[in-house]
Amino acid sequence: MPVLDRSRIRPDVLRLMDELLKEQMDGVMEFLGLEENRGVDFQALWRKVMEGNERFFRGEMSVDELYNYLTMDEMLFLARLMRHGFEHMAKVEQERHPLPQSVKIEQASAGGVPAEWQIVPEAAEERVLLYFHGGGMVVGSPNTHRILTVTLGEATKMRVLSVDYRLAPEHPYPAQLEDCVTAYKWLLSVGFNPKNIVVAGDSAGGNLAITTLLKLRDEGMPLPAGAVCLSPATDWTGSDESFFENAKTDPVLADIGIFWWVPAYLGGANPSDPLISPVFADLRGLPPILVQASTCEMLFGGCKRFVERAREAGVDATLQTWDDMPHVFQSFGLYTLPEAKEAIAKISEFIQKLFK
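Everything numeric here is computed off the predicted structure, so don't read it as measured data.

1. Details of helix α5 (residues 146–156)
Taking burial as the measure, the eleven residues of α5 include nine buried ones, the bulk of the element. Those residues of α5 not exposed but buried are R146, I147, L148, T149, V150, T151, L152, G153 and T156. At the C-terminal side of α5, K157 shows a positive phi close to 55 degrees.

Next comes the structure, spelled out in structure tokens:
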């Protein structure tokens, strides 16, 4: 039984999400048709995932069950399947909305971490938006987020370095954070001024933007000018009641089987670790942070709590919210939702103030 209550979703948002889901499912079917995957009983596996998802949202799954519900082989298969689906969706969207030919896309090695330079013609050479994509630490790449990040480059007139950090379950915590910190240090090593760098990310990538700041601060490294976080995941403990309450109005995360991402990413690590759940961190000394979120998405409560704690710690933290929007609507609704364009404009305003 689906967790999402479709009757509570705004009609234009529901149409958009159904269209994107169809694109993703076309990619899933393509993946299942590959020779090496034809022996897998996907229907049985997906029923198992949906049953687990329902139990998770009803609060019927213990920590031990959460970690043992799926085998490593099942998680690896699901991760590969979802990655294929997301890459297919990105391919369709980029064909539908091709990038301007004037945009340069260049592969890079950021201190050994794969990354992608995305350079719009008007970008200031000395300024970098260091971007960490979302995807629950399990899926996503610079390619899946390229339309969003190029749009951010255009709006902010900055070069974008989009990081292709390692993914779980093959690489659990702290692999993702290590890669993001390495990419930032590499920018410094090749001559970029930290005051000309802004770190940014969505969802899991928003988590990494915050935890990268914490790790750099704790190591005594010079911090960037600021951070932009789109619906960041700030709490992996499952202690936020609104996370479960808002599942009925979150068309992105509610029925995707998010419960197994937790053990896939943590790999046994303590979810209360501040470098995993930064809502529990000492946030003193961090640069200005902009958080954008939808009030009806599952991660909203964690976003709100994080900004409140950041302000208490003396951080210049801003929370901008929209109603009735899907998770990371800035990306999903870029061409159809006026709220997405408004949010991009507000990101540009925030970043321009950082450089004044």
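Back to the text.
2. Remarks on the packing of aromatic side chains
Inspection of the entire model under this criterion finds 15 aromatic pairs. Ring centres of F56 and F243 lie 6.4 Å apart, and the angle between their planes is 85 degrees; on these two criteria the pair is classed as edge-to-face. With a gap of 187 residues between them, F56 in helix α2 (residues 42–57) and F243 in helix α8 (residues 241–245) connect regions that are remote in the sequence. You'll find F56 and F243 in the same group, each marked buried. An aromatic cluster of at least three residues, connected via ring pairs, comprises F56, F57, Y69, F243, F244 and F259. The ring of F355 has R127 lying over it, and the distance from NZ or CZ to the ring centre is 4.0 Å. The ring of W117 has R159 sitting right over it, with the charged end atom 4.4 Å from the ring centre.

3. Let's talk about the state of the cysteines
Within the structure shown, the criterion is met by zero disulfides. Looking at C180, it has no disulfide partner, and the nearest cysteine sulfur is the one in C229, 12 Å off. Since its relative accessible area comes to 0%, C180 is described here as buried. C303 carries a free sulfur, and the closest cysteine sulfur to it, the one in C229, is 8.5 Å from it.

4. Quick word on the pattern of salt bridges
Overall, the coordinates contain 24 salt bridges when judged by the stated rule. As a salt-bridge pair, R96 and E19 come within 2.9 Å of each other at their nearest N and O atoms. A residue pair is termed long-range when its members are at least 10 positions apart, and R96 in helix α4 (residues 72–96) and E19 in helix α1 (residues 11–32) qualify at 77 residues. The exposure class of R96 is partly exposed, given its relative accessible area of 42%. Given a relative accessible area of 41%, E19 falls into the partly exposed group. Here K215 ties to E219 by a salt bridge, and the two come within 3.9 Å at their closest N and O atoms. Relative accessible area serves as the criterion here: at 30%, K215 is assigned to the partly exposed category. On the basis of relative accessible area, E219 is assigned to the partly exposed category, the value being 38%. Through salt bridges with shared partners, one network takes in E19, E23, E93 and R96.

5. Quick word on a nonpolar patch on the surface
On the surface, a cluster of nonpolar side chains totalling about 290 Å² of accessible area is made up of L21, M25 and M29. Residue placement: M25 occurs in helix α1. A relative accessible area of 35% places M25 in the partly exposed class.

6. Describing the sheet that holds strand β5 (residues 197–202)
Taking strand neighbours across the sheet as the criterion, the eight strands line up as β1-β2-β4-β3-β5-β6-β7-β8 in an open arrangement whose pairing is mixed. Unpaired on one side and paired on the other, β1 (104–110) and β8 (317–322) mark the two borders of the sheet. Going across the sheet, the axis of each strand differs from the next one's by a mean of 20 degrees, ignoring polarity. Looking at chain direction, strand β3 (residues 124–132) and β5 are connected through five bridges and run parallel. By the bridge assignment, L129 is partnered in β5 with V198. Each of β1, β2 (113–119), β3, β4 (158–163) and β5 touches helix α6 (residues 175–189); the most contacted strand, β3, lies at about 175 degrees to it.

What counts, and at which threshold
- Residues numbered from 1 in each chain as written.
- Predicted model: local features only at pLDDT ≥ 70, side-chain atom pairs only at ≥ 80, totals over all residues.
- Heavy atoms only, no water.
- Buried < 20%, exposed > 50% of the residue type's maximum accessible area, 1.4 Å probe, protein only.
- Helix = DSSP H or I, 4+ residues; strand = E, 2+ residues; numbered from the N terminus.
- Phe/Tyr/Trp six-rings, centres within 6.5 Å; stacked < 30°, edge-to-face > 60°.
- Lys NZ or Arg CZ within 6 Å of the ring centre and 35° of its normal.
- Disulfide = S-S within 2.5 Å.
- Salt bridge = Lys/Arg side-chain N within 4 Å of Asp/Glu carboxyl O.
- Patch = residues over 30% accessible without salt bridge, like charges linked within 9 Å, V, L, I, M, F, W, Y side chains within 5 Å.
- Areas by Shrake-Rupley, 256 points an atom, 1.4 Å probe, with all protein chains shown as cover.
- Pairing = 2+ DSSP bridges.
- Axes fitted to C-alpha atoms, helices over the stretch in contact; angles between N-to-C directions.
- Contact = heavy atoms within 4.5 Å.

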